[in-house]
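In case you want the letters, here they are:
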Amino acid sequence: MTNSVPREEGIDNSLSLLREGYLYILNRRQSFNSNIFETRLLGKKAICMGGKEAAGIFYDNDKFKREGVAPNRVAQTLFGKNGVQSLDGQAHQHRKEMFMSIMTEERLGKLKEIARKHWAAAVDKWQQMDEVVLYEEAQEIMCNTACEWAGVPVKENEVKALADDLRAMFESATAIGPSHWAGRNARNRVEKWIGEIIDQVRDGKLNPEEGTALYTFALHRDLDGELLDAKTASVEVINILRPIVAIAVFINFTALAVHHYPEEREKLKSGDEKNAQMFVQEVRRFYPFFPFAAAQVKEDFIWKDYTFEKGTLTLLDLYGTNHDPDIWGNPDVFRPDRFAEWDGSPFSFIPQGGGDYYLGHRCAGEWVTIEVMKVGLDFLVNKIAYDVPEQDLSYSKVSIPSIPHSNVIIKNVLRL
Ligand code: HEM
């Protein structure tokens, strides 16, 4: 079969990816005028693709697999080893079912209640502070929320250190040198601590509430009827705690959007749920977070006259699909109302991956993210007044993850 898709020149283009970050795939999709192109990354042939149709292919389990895809530096920091991200087939479905079983309406309702409580406590504190660095404070709110919701016991004076460790895991995957090693150390520390907690649950010394992640994951049995080893169970509990703390990134971007688009802020004052939902969706579409998802071709197949060869690393452009002009009119304009017309396709809006939650690798915590963001948005718009002093609110489209450079500072916080 002919390999008719464009090919990027060069022995290795990993540096261009690092230099262009979120825009690397989109820039080339535009210059090649093709939603798929071939390149070389990490010394090997790789395929990059984006857009709705490409997302549909990427999430076809017969075509792609995940085992062995994450580079070691990502496994040692962001993901951990033997977690759901690295599984395929029945083993993946069974483990994913464990995650999705805690995402019930009742548990999400509980989560919102917990998040509101921790926001309220933080606001009490902020009223006494000269200035509030929102990124840091949101991490603590999220860490408290995550632990309480997941059933993980944490003392008040340990929350800051734990939030720092969980943040280091998602900030260090792409870092080099000391920052990267800080992420590895953080992972080792937290995995050990949670592993001990898992043992306590199994020994009956600790009794988390039924339905929490700690309870469910500690007692989960794999397809052979065996408990997960304590390290793997710990990796999976961290797969709940770490990304909830990462919602602090989206809370920072939410605050930025509220500040930059006062006319949109006005619409949120009525407390209308639909407007809040659309605003949060637009924040997740517009601002950069996960640049791409990665998989490996399972068996040779042909798509668009192009042979995908078994074993080839394939990246799906998440950021670029959310900014694809064929899907989103004026993609670089922040316009929450666009979601009134969105058809809900699982492949066109993919900030947290696409496809099916149960059968594929789409983010298990997407509903958690949306609900928790709405709680934060309501606080920022309706529950507190504050000033935004002069600061550098710009953000990078290169460094991953990206956050506003000042970390968003607010002052004169007043509870309404
Ligand atoms: C903070 C915002 C978040 C973003 C941007 C995000 C993004 C993503 C992305 C891009 C994936 C991979 C999709 C793929 O490989 O195809 C993913 C997977 C996952 N996420 Fe999230 N996520 C977020 C929050 C959460 C939360 C709050 C949780 C848990 C409460 C969570 C749990 C997971 C898990 C367990 C997976 C692995 C799913 C699988 O492999 O089947 N995420 N997320």
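Below, the structure is looked at part by part. All figures in this text were calculated on a predicted structure; none of them were measured in a lab.

**A word on the overall build of the chain**
Within the chain one finds 15 helices and 10 strands. What you see for the chain is a C-alpha radius of gyration of 21 Å, in line with the 22 Å of a compact globule of 416 residues. The principal-axis extent of the C-alpha atoms belonging to the chain is close to 65 × 55 × 40 Å. Pairs at least 24 apart in sequence give 72% of the contacts found in the chain among residues at least 6 apart. Total accessible area computed for the chain in this model is approximately 18200 Å², and 50% of it derives from carbon and sulfur atoms. Within the chain, one finds 50 positive and 61 negative side-chain charges whose respective centroids are separated by 2 Å.

**With respect to the packing of aromatic side chains**
In this structure the tally under the stated criterion is 29 aromatic pairs. Taking the centre distance of 5.4 Å and the plane angle of 85 degrees together, the rings of Phe286 and Phe334 count as edge-to-face. With a gap of 48 residues between them, Phe286 in helix H13 (residues 273-286) and Phe334 in the loop between helix H14 (318-322) and helix H15 (366-383) connect regions that are remote in the sequence. Accessibility classification places Phe286 together with Phe334 in one group, the buried group. Three or more aromatic residues link up through ring pairs in this structure, and these residues are Phe58, Tyr59, Phe64, Phe301, Trp303, Tyr306 and Phe308. We note Lys304 situated over the ring of Trp303; from NZ or CZ to the ring centre the distance is 5.1 Å.

**Considerations on the coordination of the iron atom of the ligand**
Inspection of the coordination sphere of the iron atom of the ligand shows a single protein donor, Cys363 (SG), at 2.3 Å. For Cys363, the location among the structural elements is in the loop between H14 and H15.

**Some thoughts on the site of the ligand**
Around the ligand, a shell composed of 28 residues is seen, among which Tyr59, Arg66, His92, His361 and Cys363 lie nearest. The contact in question runs from an oxygen atom of the ligand to an N or O atom on the side chain of Lys96, over 2.9 Å. Within the contact set of the ligand, an oxygen atom lies 2.7 Å away from a side-chain nitrogen or oxygen of His361. Elements represented by at least two residues in the shell around the ligand include exactly helix H5 (89-100), helix H11 (230-260) and H15. Considering each element in turn, the shell around the ligand owes the most residues, seven residues, to H11.

**Looking at the side chain of Thr314**
Its location among the elements puts Thr314 in strand E8 (residues 313-317). Its relative accessible area of 0% is what places Thr314 among the buried residues. With residues near it in sequence (within four places) discarded, Thr314 still touches Ile47, Met49, Phe58, Phe64, Ala293, Ala294, Ala295 and Val297.

Calculation criteria
- Along each chain, residues carry numbers from 1 onward, in the same order as the chain's sequence is written.
- Local features are withheld for residues below a pLDDT of 70 in this predicted model, meaning they are given only at 70 or higher, and side-chain atom pairs are given and counted only at 80 or more; totals for whole chains, interfaces and linings count all residues.
- Water and hydrogen atoms were dropped before computing side-chain values, which therefore reflect all heavy atoms in the structure.
- Only DSSP runs of H or I covering at least 4 residues are called helices, and only runs of E covering at least 2 are called strands; the numbering of each starts at the N terminus.
- C-alpha atoms define the radius of gyration in this analysis, and the globule rule sets the expected value at 2.2 Å times the number of residues to the power 0.38.
- Throughout, a contact is declared for two residues whenever any of their heavy atoms are within 4.5 Å.
- We get accessible surface area from the Shrake-Rupley algorithm with a probe of 1.4 Å; when it comes to residues, only the shown protein chains can shield them.
- When charges are counted, Lys and Arg contribute as positive and Asp and Glu as negative, whereas His and the chain ends are disregarded.
- Working definition for charges: the position is that of NZ of Lys, CZ of Arg, CG of Asp or CD of Glu.
- We call Phe, Tyr and Trp rings a pair once their centres come within 6.5 Å, taking the six-membered ring for Trp, and we label the pair stacked below 30 degrees between planes, edge-to-face above 60, and tilted otherwise.
- Three exposure classes are used, based on accessible area relative to the maximum for each residue type with a 1.4 Å probe and protein chains only: buried under 20%, partly exposed in between, and exposed over 50%.
- For a ring to carry a charge above it, either NZ of a lysine or CZ of an arginine must fall within 6 Å of the ring centroid while also lying within 35 degrees of the normal to the ring plane.
- Metal sites are built from N, O and S donor atoms within 2.8 Å, or 3.2 Å for Na, K and Ca, and they leave out water, so they may look incomplete.
- Only a single heavy atom is needed: when it lies within 4 Å of a molecule or strand, its residue is near that molecule or strand.
- Distance and chemistry together define a polar contact, namely a pair of N or O atoms within 3.5 Å, with one atom able to donate a hydrogen and the other to accept it when in protein, and with adjacent residues in sequence counting only for side-chain atoms on both sides.

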